Structure formats: structure tokens, C-alpha cells
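# Summary of the model geometry
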Amino acid sequence: MFRGIPVTKGVIADGKLPNSFCEVELAPNAAMLHRRSEDFDHEADLAERQCWLENMINQIPDYIYAKDLEGRFLFANQAIVANNGLSHLKDLVGRTDFDFLPSHIAQIATDVERRVAETGQPHFGGEELAFRGDGERWLMITRVPLRDASGTIVGTVGASRDITAQKSAERRMRAQSGLLEMIARGMPLPDFLEELARMIAGFAEGVHAAFLMIALDPGELRLAAAPTLNEDYRRRANATFIRTIPTDLGVTAAALKLAFDQASISELDHQCRCLAISDADGQMEGILALYSSEDARYQSDFSEFVSIAVHMAGIAISRHRAEARIGFLADHDPLTGMANRALLDRKLTLAMRTADSMGSEVALAFLDLDNFKLVNDSLGHSVGDQLLKIVAGRICELTSDQGSLARIGGDEFVIILEQMDLEGCLHRLSAIREAVARPVVLDDIELRVTCSIGIASYPSHGSTAGDLLASADMAMYRAKELGRDGIALFTSEMTATVRKKLSRTDELRQALLRDEFVLHYQPQVDLQTGRIIAAEALVRWNHPSEGLVYPGDFIALAEETGLIVPLGEWVLQTACNRAKAWQDKGLEPIRISVNVSARQFQEKRLIETVATALTESGLDAKWLELEITESLIMKDLAGSIARMYELEKLGVKLAVDDFGTGYSSLSALKRFPLSRLKIDRSFIADIPHDADDMAITSAIISLAQKLDLEVIAEGVETEEQARFLVESGCNEMQGYLYSRPVEEERFNLMLENNGGIHRKPMVRAALLGAGEHRKA
Ligand SMILES: Nc1nc2c(ncn2[C@@H]2O[C@H](COP(=O)(O)O[C@H]3[C@@H](O)[C@H](n4cnc5c(=O)[nH]c(N)nc54)O[C@@H]3COP(=O)(O)O)[C@@H](O)[C@H]2O)c(=O)[nH]1
């Protein structure tokens, strides 16, 4: 094989290739080293060594060759022979690069080799493009002069390494970092996708690329970039037959190919391949459609580049969508997609300016759902959110043609109605009110939520967006006060009321901070024993300028503003502390009764608050009674029962306040873990003159007895009332007849002198009678 080729001098030791082919001399291997030199048969050894060398060179994957001064192959290893599609070295020897490579590439190699031969200077590490049957290859070539035994240059020796994979990787990395840079620089998405489509087309002759994006709403596929395709194609690609989310890429490819063919862009032998573009979560964001003719010429790393392009497009689209979402959220409510407060202000201001120029009016409606908190608290926020979306959709349907809609708070919606007279507005808003009230089935539960709506009009009720909104808000509160599920128009008197309310709310807040509240205690007596058995804790406000303010003047506002929650916590803790202090003083233990309002009862942390009050005061739970009204329980029967059982678990007693006013059914009553019924004051007030009230009162008493509950009558002011109650079987009473609510010190004295309350003639007689009656 080496015959005819000058063997150069050099050293091949330890199985390593020499760096250079010049001055190569063969070194003896380890076995040879142990042979004495006189033992060598030099002729035979030389042939043997040539054979080793030949084998060795043929094993190397790098390309090694020697050429004469005319560029003709003198020798090449097996890698070159095979790379040129030949089987034997002899088929290569004598031929030049021009026989195998495109002439412009062969010329480059020939020029370098000529220079090396002429100058005697080696040429290290040049990168050159070469071709093989299956495409282009990149080689890293080193060329050194080939010298004969006299040192005369007779050709060149070359060693080259295939660096195609490395070059491809570098190129991909460059492309990838270039693309990432474009994304990072915030290049607009259409520009980015155009650039990317062009790059893909640049990787292969006869290939076109088109990017299509899935529109968020209404889920259409829209053409985003196809820079190498014509306008006709764009129109067709956006045509209706691909306006669905492309779950089947094959179908989409067929549709897009049709668009391509019909746009008469090119020959019919194009084929279309679709690749899904996804975000980091695997959610499909769009499609890359690749059109390629049958004779398309791809660069070797085309498919790798296409996968990078798809990945980068996914990143760019996700980023674009994230930015768009951030932009959207600046102006919109994420739950319903409606305008938020900021956008409402802008829209309203614009509507006001338009009305100015046209001399017309703008109506603003403030809509608030009634008792929405109950839905959230009893069925959870997810049900609450679903309900809000449904309600929003219903309002939207009835608004979109002539108004704008915004959600500005949890359950607060605002509607701008333009160019509509008052009658038209009322008509529209009534339709909205009815639509909102239509039943909704969520989680198998049928819900019905009503709304209260307030209307204000520009320019009469406010000159700025803020003022107009405040007026509509006031009107909405009026609708609530009038019993909810209604519509109220703003009137100027409302302003004064609202201002007063706002300042009172502020005062209440300050009062809590300044500790201006006190508790008074009203005794509850048992006429059988004549002793105080319990005290109802009743809050009063020691107002700095108004003196003692009664709960009738502030509890409702505290309830409306939520201030009842901290106030109620204070009452509970103070009452428990007081009851324990009386016990610690050695006084007879009595039950302390505390009112719990609807808002407090719905509060999630009620159980925790009660438990804390008991722990911190050290009061045994059996001495604490919570009074909840019948109407509160009936508002959300299932939720209330569950809550009552949680409270019962703590060991506290539960009493139904104002009993008789809230339509509890007997069957419902049986399910409550109650200890006492408190007959409402309204039934007692007209005894003995109102026969109906007397009948109801005695019915409640016997109902309590049947259910094995204690019963107490409140608002007992006269001896006749007390006698009637005793005669009817109710011995526990609370009312001015025995004592008004009193301050702590006075109640202390009452407890210290506990006993003898029933010693009033009529009652004593009744008690004797009742005793006999009971005995009978
Ligand atoms: N959530 C809370 N509500 C509270 C608290 N403290 C009081 N209240 C509620 O305020 C309402 C008015 O209370 P008040 O002005 O204290 O009136 C109580 C008694 O003074 C009054 N009463 C008692 N006996 C008579 C009587 O013989 N005649 C008559 N005309 N009035 C009388 O009744 C009120 C107690 O009623 P009730 O609670 O139904 O037992 C009142 O609804 C309180 O519940 C509080 O801390 N939290």
C-alpha cells in the first residue's frame, strides 16, 4: 500500500499520532525494545512496521493523505477513501480534489497546498468546507510539506478532522443566542417571527416557513408571520376553514397546504408539515407550517435548527402573551375580564366629555349583590367566583349594545349607560336586576342572588368620574336600606346622610382605639328562686361629646361596616372577664349572656374568638351563653346549624334571641343544639291586652317545654306580664320590672344581695297557683 510513497521520518511512540507528518520516524514497540539490535532482520522489520503503520492510519477516523505537487493523491487512509465513496485506495491514487468536489471548493484546497509546497511553511488548523454524498462537511485541516530523503519538497501531507458536528453545534448556539437576544431585547413578536421564518427558509433552498398563533379569544388560528409567502397566501391561511384550535396537526397541515396551493404560490409538489409550538407548560401556543418542494436542499443541521426555532417561538409567544396579560390586568379584572376601576374612570371621563359636546347625559349605575358574603362564607370562594362570573355574563349580555361595564370590587359592578333617557335606563336596569336574580345551579346547589342598584346621572349628580361614582354608590346604599333587590335614584339629600354615616363610621373606629365602649349588665331572674341567674351584657358607647350612646344608634352601622367584628370580640372578652371576676369574688356563679350579630356569626374566626375569650378569662364555658337571633339562623339554616354545633363543642350555651319573629319551623328547631328560647319583647309588650300575643307567648313556652329547652321572656315591664308568664309556665324573665341594664358596680351590688326578687304580690300569688298547677 505504501509502495511508491516516500516514508517520512518521525516517531510514533505510545500509540500516539505524531503532530506533524514531517520528520516521522518509526519507534520500536515494547517487545522490540527487548530485542538486541543485532537480532533484527532489518528488511523484514521494515515491511512489518509499514504494515503496522498502514493499519494504524486506517483505524484513525481523521482524514490523512499525501499528495504530489500537482495535487494528485499519493496516499490516503481508509477514512478518505470511504468519504469519497470509493472502496480501494487505488481508485483514489492519481486523482485530485477536482474529481470529487465542486471546483470552487477544490480550488481553495489546491491553493493552500500549493502555498505549503512553495513556502515549506506548514498550514495549521484551517477550516474548510467539503462535500460528501449526503451533504456538506466541515473539516479542520493541517497541511505540511512532504519531503523526500534529500529534504526536497515533493508534495503535501494533510491531516483533517471532521468538525461538522461541532460547527453545527456552534451555528445552532449562535442562532439560539441570537434569537434569545432578540426576545430579551423585546423585539416585537411579529418582527421576531418574521425574522425566524426567514432564518428557517435560509437553512434550506425551496422551503417556506409560516408561523400561526392561536388567538386567546375566541381560540382561532391566526397567521402571525410568513415573510417569504405572498399576500394571497396570508388571506387564504386566515380563511375560515382553519378557525379552530388545531388539535390535529395533520388536518391543519392539509388545510394550510390547500391555502398554499390555492394561493398559486408554486408547483403542486409542495408538501406542508406542521409543528406544534408550545409554552413551558406544554400548552399549544401556535404552529410552524413548513412548505417544502420535493427537490428542497437542506443544510445538514436544518432539522435541529427547526426544533430550536419552534422552541424559541414558544418562548417568544409565551413572553408576548405574558406581557399582554400584564397590560390587560392593568386595566381589567382578572376574574371576569371586565374593565377595572382605572379603566372605568377613563371610560367614564370620556363619556362625560362626549356628553358635554353633544349636550346629552350619562347615567351611571352602581350594582351590588345582596348578601354575597354569605355565599362566599358558606359555599366557599370558588363557588362565589363562579357565581360572579355568571352574574357578570348576564349583566354583560344586557349592557354590551349601549353601555360599558366594570367590576370594581368583590361583588360591585358599575354600568355606564350613554344616550339613554331615565325611562330607558330604568327599563334596562330592571332587566339586569331580573337577570341577576335568575337561579344559578352550582355544585348541585340552586342559588338565587339578588342585587341592589343605585343610579346617578351626569352632569346633575357629579362633575367628575369620582363624584358621579360616589353618588351612584349612595343611591345603591339607599336601595339596600329599602330592603335590597331594588333600584334607587340618587337624590341630593343622600349626600348629607352619607357624609354623616362616613363620619360616624370614623368615630366608631376611633372609639374602638380609644376604648370608649363600656358594658352594662341586665339581670335575668328566676322567679321560682327569686334569684338572679344570669346577666345580659349590653354594650354602650361613652361618646366624648354626646355622652352615653345606646346600641340602637351604632350597632347597625358597626354591622354594615364590619366594625362589629372587633367590637364583638371586645364585648365577648370583657363579659367573660367580668363573669369570672364575680366568681373569683366569691359571688354565686351566674351565666353571662352575650349578643352575637349576623356578621360576627358568619365570621370564620368566631369559634377561635370564643375559645380565646374563655381561655384568657379562665371562665368555664358552661357560664357563657351566646344569643343569636332567629332571623340570623334562618338566613342560612345549614351553615348556622353547623356553626352552632361547633360552638356547642366548646361547651358554651346557645340561646335564640327574639324568638317568634323569624319563622323557625318546629322541625328546624329540633336540629339546633340550643339551651334556651328567648321570647321576643314584642309579644310581651301588649300582655294582657293582646289575646294573640298571649296565645303566641304561651305556645312558645309549651314548645320550649316539649323540646326540653329553657325559656326566658324579655321586656317584662309589668306585674301582669310576669304573672301571665308564670301562669304559662315561664319563670325566667328579664325586663325593667326587675332592673334596667346597669353599670358594673351596680350589678356587683345586686349580685352581692342576690335573692328576694319575686316578692311582689301578684307574682307570688301566681307562683303559688302555678306551683299548685304543676303539682296537679
Ligand atoms: N351584637 C350586639 N348587639 C348588642 C350588644 N349590646 C346590645 N346589643 C343589641 O342592641 C339592641 C339594643 O340594646 P339595648 O339598647 O341595650 O336594649 C336592651 C335592653 O335595654 C332592652 N330591654 C331590656 N328590658 C326591657 C324592657 O323591659 N323594656 C324595653 N323596652 N326594653 C328592654 O332590650 C335590649 C336587649 O334586647 P335583646 O338583645 O334582644 O335581649 C338589642 O337588640 C341588643 O341585642 C352587643 O354587645 N352586641
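Parameters at a glance
- Residues numbered from 1 in each chain as written.
- Predicted model: local features only at pLDDT ≥ 70, side-chain atom pairs only at ≥ 80, totals over all residues.
- Heavy atoms only, no water.
- Helix = DSSP H or I, 4+ residues; strand = E, 2+ residues; numbered from the N terminus.
- Contact = heavy atoms within 4.5 Å.
- Axes fitted to C-alpha atoms, helices over the stretch in contact; angles between N-to-C directions.
- Parallel < 35°, antiparallel > 145°, perpendicular 65-115°, else oblique.
- Nonpolar A, V, L, I, M, F, W, Y, C, P; charged D, E, K, R; others polar.
- Pairing = 2+ DSSP bridges.
- Near = heavy atom within 4 Å.
- Polar contact = N/O pair within 3.5 Å; in protein donor to acceptor, adjacent residues only side chain to side chain.
- Areas by Shrake-Rupley, 256 points an atom, 1.4 Å probe, with all protein chains shown as cover.
- Core = buried A, V, L, I, M, F, W, Y, C linked by side-chain atoms within 4.5 Å.
- Buried < 20%, exposed > 50% of the residue type's maximum accessible area, 1.4 Å probe, protein only.
- pLDDT = per-residue confidence, 0-100.
- Patch = residues over 30% accessible without salt bridge, like charges linked within 9 Å, V, L, I, M, F, W, Y side chains within 5 Å.
- Salt bridge = Lys/Arg side-chain N within 4 Å of Asp/Glu carboxyl O.
- Lys, Arg positive; Asp, Glu negative; His and termini not counted.
- Charge placed at Lys NZ, Arg CZ, Asp CG, Glu CD.
- Expected span 1.5 Å × (residues − 1).
- Phe/Tyr/Trp six-rings, centres within 6.5 Å; stacked < 30°, edge-to-face > 60°.
- Left-handed = near helix turned anticlockwise from the far one by under 90°.

Here the focus is the environment of Met 140. Tracing the backbone shows Met 140 in strand E4 (residues 135-147). Among residues more than four places away in sequence, those in contact with Met 140 are Gly 125, Gly 126, Glu 127, Ala 159, Ser 160, Arg 161 and Ile 163.

Let's shift gears to the packing of helix H6 (residues 189-202) against helix H9 (residues 302-331). Between H6 and H9, the shortest axis-to-axis distance is 11 Å and the interhelical angle comes to 175°. The pairing of H6 with H9 is recorded here as roughly antiparallel in orientation. Between H6 and H9, the residues in contact are Leu 189, Phe 192, Leu 193, Leu 196, Met 199 and Ile 200 and Phe 302, Phe 305, Val 306, Ala 309, Met 312, Ala 313, Ala 316, Ile 317 and His 320, respectively. Here the residues of the contact of H6 with H9 are counted per class, giving 14 nonpolar, 1 polar and no charged.

Spatially, 5 strands are ordered E11-E12-E10-E15-E16 in an open sheet, and the strand pairing comes out mixed. Of all the strands in the sheet, the pair left with one neighbour each is strand E11 (403-409) and strand E16 (487-489). The average angle at which neighbouring strand axes cross in this sheet is 20°, direction not considered. Taken together, the 6 bridges between E11 and strand E12 (residues 412-418) define a ladder with antiparallel strand orientation.

The next subject is the site of the ligand. Surveying the vicinity of the ligand reveals 23 residues, the closest of which are Glu 536, Arg 540, Arg 681, Glu 714 and Glu 717. Contact distances for the ligand include 3.1 Å between an oxygen atom and a side-chain N or O atom of Asn 595. Side-chain polar atom of Glu 717 to a nitrogen atom of the ligand: 2.5 Å apart, as the coordinates give it. For the ligand, whose unbound accessible area comes to 810 Å², protein coverage reaches 82%. Where the shell around the ligand is concerned, the elements lending two or more residues are strand E18 (531-543) and strand E22 (653-659). Considering every element that reaches the shell around the ligand, the biggest residue donor is E18, with 4 residues. Residue composition of the shell around the ligand, by class: 8 nonpolar, 6 polar and 9 charged.

Okay, the nonpolar core next. In terms of nonpolar packing, the biggest core is built from 81 residues, with Ile 592, Leu 624, Leu 626 and Leu 677 touching the most fellow members. In terms of residue count, the dominant contributor to this core is helix H17 (residues 564-584) (9 residues). Here Ile 592 is in contact with Tyr 521, Ala 535, Ala 537, Ala 575, Ala 579, Trp 582, Leu 619, Trp 623, Leu 624 and Glu 625, once residues within four sequence places are set aside. Listed in part, the 31 residues of the second largest apolar core include Leu 179, Ile 277, Met 312 and Ala 316.

Moving on to the confidence of the model for the protein chain. Looking at the protein chain, the pLDDT average stands at 85 and 88% of residues meet or exceed 70. Model confidence for the protein chain, summarised as mean pLDDT per element, is weakest for helix H1 (residues 30-33) at 44 and strongest for strand E20 (residues 591-595) at 98. Counting interchain partners and residues more than four positions distant, the pLDDT-below-50 stretch residues 771-776 has 2 contacts. For this predicted complex, the interface score ipTM comes out at 0.95, alongside a pTM of 0.51.

A cluster of like negative charges, contributed by Glu 205, Asp 269, Glu 294 and Asp 295, occupies part of the molecular surface. Within the element layout of this structure, Glu 205 appears in strand E6 (residues 204-214).

Between its first and last C-alpha atoms helix H14 (residues 465-481) spans 25 Å; for 17 residues at 1.5 Å apiece the expected length is 24 Å, and the two agree. Restricting attention to buried positions, one finds in H14 the residues Ala 465, Leu 468, Leu 469, Ser 471, Ala 472, Met 474, Ala 475, Met 476, Ala 479 and Lys 480. The first or second residue beyond H14 is Gly 483, which carries a positive phi of 115°.

Summarising the element assignment, Gly 359 is placed in the loop between helix H10 (341-358) and strand E10 (362-369). Counting along the chain gives 100 residues from Gly 359 to Pro 459, while the straight-line C-alpha distance between them is 9.9 Å.

In this section: the packing of aromatic side chains. Summed over all chains, the structure comprises 12 aromatic pairs. Aromatic side chains Phe 517 and Trp 570 sit 6.5 Å apart centroid to centroid with 50° between the ring planes, which places their arrangement in the tilted category. Highlighted residues: Phe 517 in strand E17 (residues 517-526) and Trp 570 in helix H17, separated in sequence by 53 residues. Here Trp 570 falls in the partly exposed class, since its relative accessible area comes to 23%. For the ring pair Tyr 521 and Trp 582, a centre distance of 5.2 Å and an interplane angle of 75° mean the geometry is edge-to-face. Of this pair, Tyr 521 sits in strand E17 while Trp 582 is found in helix H17, placing the two residues 61 residues apart along the sequence. On the basis of relative accessibility, which here comes to 1%, the residue Trp 582 falls in the buried class.

Bringing the pairing of strand E9 (residues 284-298) into the picture now. With 9 bridges connecting them, E6 and E9 associate as antiparallel partners. Paired with Met 213 across the two strands is Gly 286, which belongs to E9. The pairing of strand E8 (residues 271-278) with E9 spans 8 bridges and is antiparallel. Bridge pairing in E9 links Ala 276 to Ile 287.

This part takes up the packing of H17 against helix H19 (residues 606-617). Between two packed helices, the angle of one axis relative to the other and the distance separating the axes together describe the packing. It is the contact of H17 with H19, at a shortest axis distance of 9 Å, that shows an interaxial angle of 30°. Taken together, the axis directions place H17 and H19 in an arrangement best described as roughly parallel. Where H17 crosses over H19, the two elements pack in a sense that is right-handed. The residues of H19 that touch H17, namely those facing Glu 569, Leu 572, Gln 573, Cys 576, Asn 577 and Lys 580, are Thr 609, Val 610, Thr 612, Ala 613, Leu 614, Glu 616 and Ser 617. Classifying every residue of the contact of H17 with H19 gives 5 nonpolar, 5 polar and 3 charged.

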